[in-house]
Amino acid sequence: MTTAGRPIDGSSERLDRPALVLRGLEKSFGDVPAVDGVDLEVRQGEFITLLGPSGSGKTTTLRMIAGFTRQSAGTIEIDGADMSQVPPYRRDVGMIFQNYALFPHMTAAENIAFPLEMRRASRSEIRRRVAEALALVKLEGFGGRYPRQLSGGQQQRIAFARAVVFHPRLLLMDEPLGALDKKLREALQLEVMHISRQLGATVIYVTHDQEEALVMSDRIAIFNRGRIEQLGRGEDLYDRPVSLFVADFIGDSNILRGWFERDGDGGWLVRDASRWRVGAAATARAALDGDRAAALVVRPERLRIVDPGDAGAAAAGANTVEASVRDVLYLGSIRKYELTLPDEQTATVRQQVGGNERVWQPGARVRLTWAVDDEVLVSDPGGRPSRPGDVPTAPLA
Amino acid sequence: MTDSWRQPRRLLLVALGALTVFFLMAPTLVVVPMSFTASNALTFPPEGLSTRWYEKMVTDPQWSTGFLNSAKVAFLTAILATVLGTLAALGTVRGRFPGRGAVNGLILSPLIVPVIIIAIGMFSVFVRWKITGSIVGLVLAHTALAVPFVVVNVATSLRSMDRNLEQAAQSLGAGPVRTFRRITLPLILPGVLAGGLFAFITSWDEVVVSIFLTSARFRTLPVEMWEQVRQVVDPTVAAVSTTLLAVTTTLLLLAFVVRRQAPAR
């Protein structure tokens, strides 16, 4: 799906134009802002997930794109056309709901035919496209059944077929797999992803399940308090979170809070008697304005446990911290250690189970070590000065 | 284990229930055997067995005209009340406007306001409009009395309906009118039909307002009965009562059956 080599001229306008553009989108219910300035540009054929905790504004954003909720401010552009004042039935957007929202008084085939009838397709075309859509979701032969005669997974497939059969310009999904059990959910995640790619559909997918987001999406928009906190590929979000919120929300994180001091290209994170080296790349990405409260984020699989007396085990220049093992959890392919740091904070370490690795027992005094390149520096808006005499940071916004 | 003390209480409850049902039903059911009497007087227990009063009811033009008038008024009332009541229910359940609660209360008020007060009020206005003693006036009056039953039934259906279905229809390209016709109406239809049947029954056996708004030339069946009972006590009244009862009971049962047909969600 590359656009390389295609001339940028009128003939390719359709494909070069973004499928969806949100600009300064806002929605408040009474005085409470639910969506507080969302900007987003989605390419044709892209699978974007809006991910965030409940109440972060992701569903409200989706409902504004669908047209069910009127925005308080900002614009919505679909395929280059301003949709801000267009009612939902003229937006040409397919929507899939968590509770499927199949029409109970119509059969599966009649449900799928509905959007085609609304577009005044001919009877023969409807028959052909309904059959195609049923085949697409592997439910040939189920067309005559009523929704109540179908399982949850089958109902969601029919809902999917109904939403794509008219080739909408956008496919919106509001936690579509949330009501299904884990196994079925995982199977359908792959299916939804494959069929969407196969159709070349542009998908806006809402979920609060980070694993689902990582599996399915081209890009993920992390929502927090009505704003997009970070937008990027799953790897970007996992390896280079821009804030404590993102680091905490995506995957497990070890967070060391302290006070950042600039030193040349890099710097140091200082807390009490401890100092940890911060690399130049991490410092540049964090772009902190001078010395201030900050935190280091290290993923559990990037931490290594070494013997505290074994000075050579930690690579030269690596950061270390003292810890004691609290729990060892054996999870089959990995072993998970929960450790206590000197200041009663906890840390998590994931160790691959291979058979030769050293296994630590609860109560063991150890040292944790990690490479400077494996840490991410983020500002810590809730942080406190770590040294006496430091001025407090600005209050939390 | 608790049956030892539960059993007598349970028996008492059943007995009390049976007694209540008997007191409610007995006066109504007494007319049924009375209508089959062979004698010329309205007596209980009936003397002999005959269907002559039913014959008289069918052949006597006074009764058959009344029957026809009642059916016409009830039918028109049912249609008008169903349309208005359904729209009112849509407005009060789905609409968001100031004074919604007050409007809802006003629509339901005929259920609470004494019928005689409604009758006097309507009579004084309808006299000025010159629509007393006509089918138009009576249908309008009965519609006002019947609308609350439709509103209550349809509102219940609307509240139990998943609103996502309407939004799904809209996202699939159906405008408000087509969404209502293809999705909302079919799903609330049991409520609409039940409301319509209740509206029919309301008009069918209404007597207080009808006494005020009918004339010697235009009488409904209950009014005819009222007039006859005051003059000659003829067992035909019992036959007519039994017929009325049969129609009402049938329609009520029908309404309950229809109400249960709500599609599974």
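The paragraphs below set out a description of the structure included in this document. (Residues numbered from 1 in each chain as written. Chains lettered and ligands numbered in written order. Predicted model: local features only at pLDDT ≥ 70, side-chain atom pairs only at ≥ 80, totals over all residues. Heavy atoms only, no water.)

1. Description of a nonpolar patch on the surface
Residues and elements named next belong to chain B. Short version of the rule: Residues with no salt bridge and a relative accessible area higher than 30% make up the patches, which join like charges within 9 Å and nonpolar side chains (Val, Leu, Ile, Met, Phe, Trp, Tyr) within 5 Å. Computed with a 1.4 Å probe, the accessible areas rest on the Shrake-Rupley method; for each residue, only the protein chains presented here act as cover. Put simply, a salt bridge is a Lys or Arg side-chain nitrogen that is within 4 Å of an Asp or Glu carboxyl oxygen. A run of H or I in DSSP becomes a helix once it reaches four residues, and a run of E becomes a strand once it reaches two; helices and strands are each numbered from the N terminus. A 1.4 Å probe rolled over the protein chains alone gives each residue an accessible area, and that area as a share of the maximum for its type sets the label: buried under 20%, exposed over 50%, partly exposed in between.
Taken together, the side chains of Phe75, Leu76, Ile79, Val83 and Leu87 define a hydrophobic patch exposed on the protein surface, amounting to about 480 Å² of accessible area. By the secondary structure assignment, Leu87 is in helix H4 (residues 61-94). Looking at Leu87, the relative accessible area reads 53%, which means it is exposed.

2. Overview of the environment of Ile250 of chain A
Residues and elements named next belong to chain A. Quick reminder of the rule: The contact rule is simple, with two residues in contact once any of their heavy atoms fall within 4.5 Å.
Considering the arrangement of structural elements, one finds Ile250 in the loop between helix H9 (244-249) and strand S11 (254-263). The class for Ile250 is buried, based on a relative accessible area of 0%. Considered as a pair, Ile250 and Leu25 are 225 residues apart in the sequence and their alpha carbons are 24 Å apart. Leave out the neighbours within four places in its chain, and Ile250 touches Leu51, Gln210, Ile222, Leu237, Tyr238 and Arg299.

3. A short note on the pattern of salt bridges
One side chain can pair with another of opposite charge once the charged atoms of both are near each other. Residues and elements named next belong to chain A. This structure, assessed with the given rule, holds 29 salt bridges over all chains. Its salt-bridge partner being Arg157, residue Glu191 comes within 3.0 Å of it at the nearest N-O pair. In this pair, Glu191 is assigned in helix H6 (residues 182-199) and Arg157 in helix H5 (residues 152-164), connecting sequence segments 34 residues apart. A salt bridge links Glu186 to Lys182; its shortest N-O distance comes to 2.9 Å. Separated by four residues within a single helix, Glu186 and Lys182 lie in helix H6, roughly one turn from each other.

4. A few points about the interface of chain A and chain B
Condition: Values labelled buried area give the accessible surface lost by two parts on being combined, using a 1.4 Å probe and summing over both.
Across the boundary between the two partners, chain A contributes 24 residues, which contact 19 residues of chain B. Both faces considered, chain A and chain B share a buried interface measuring about 2000 Å² in area, 62% of it formed by carbon and sulfur atoms. Three residues stand out in chain A for area buried against chain B, namely Tyr89, His105 and Met118 of chain A, and they jointly supply 30% of the buried area on that side. One salt bridge connects Arg182 of chain B with Glu117 of chain A, and the closest N-O pair in it is separated by 2.7 Å. Mapped onto the side of chain A that touches chain B, the elements with two or more residues apiece are strand S6 (93-96), helix H3 (108-118) and H5 of chain A. Per element, the largest residue contribution to the side of chain A that touches chain B is four residues, and it comes from H3 of chain A.

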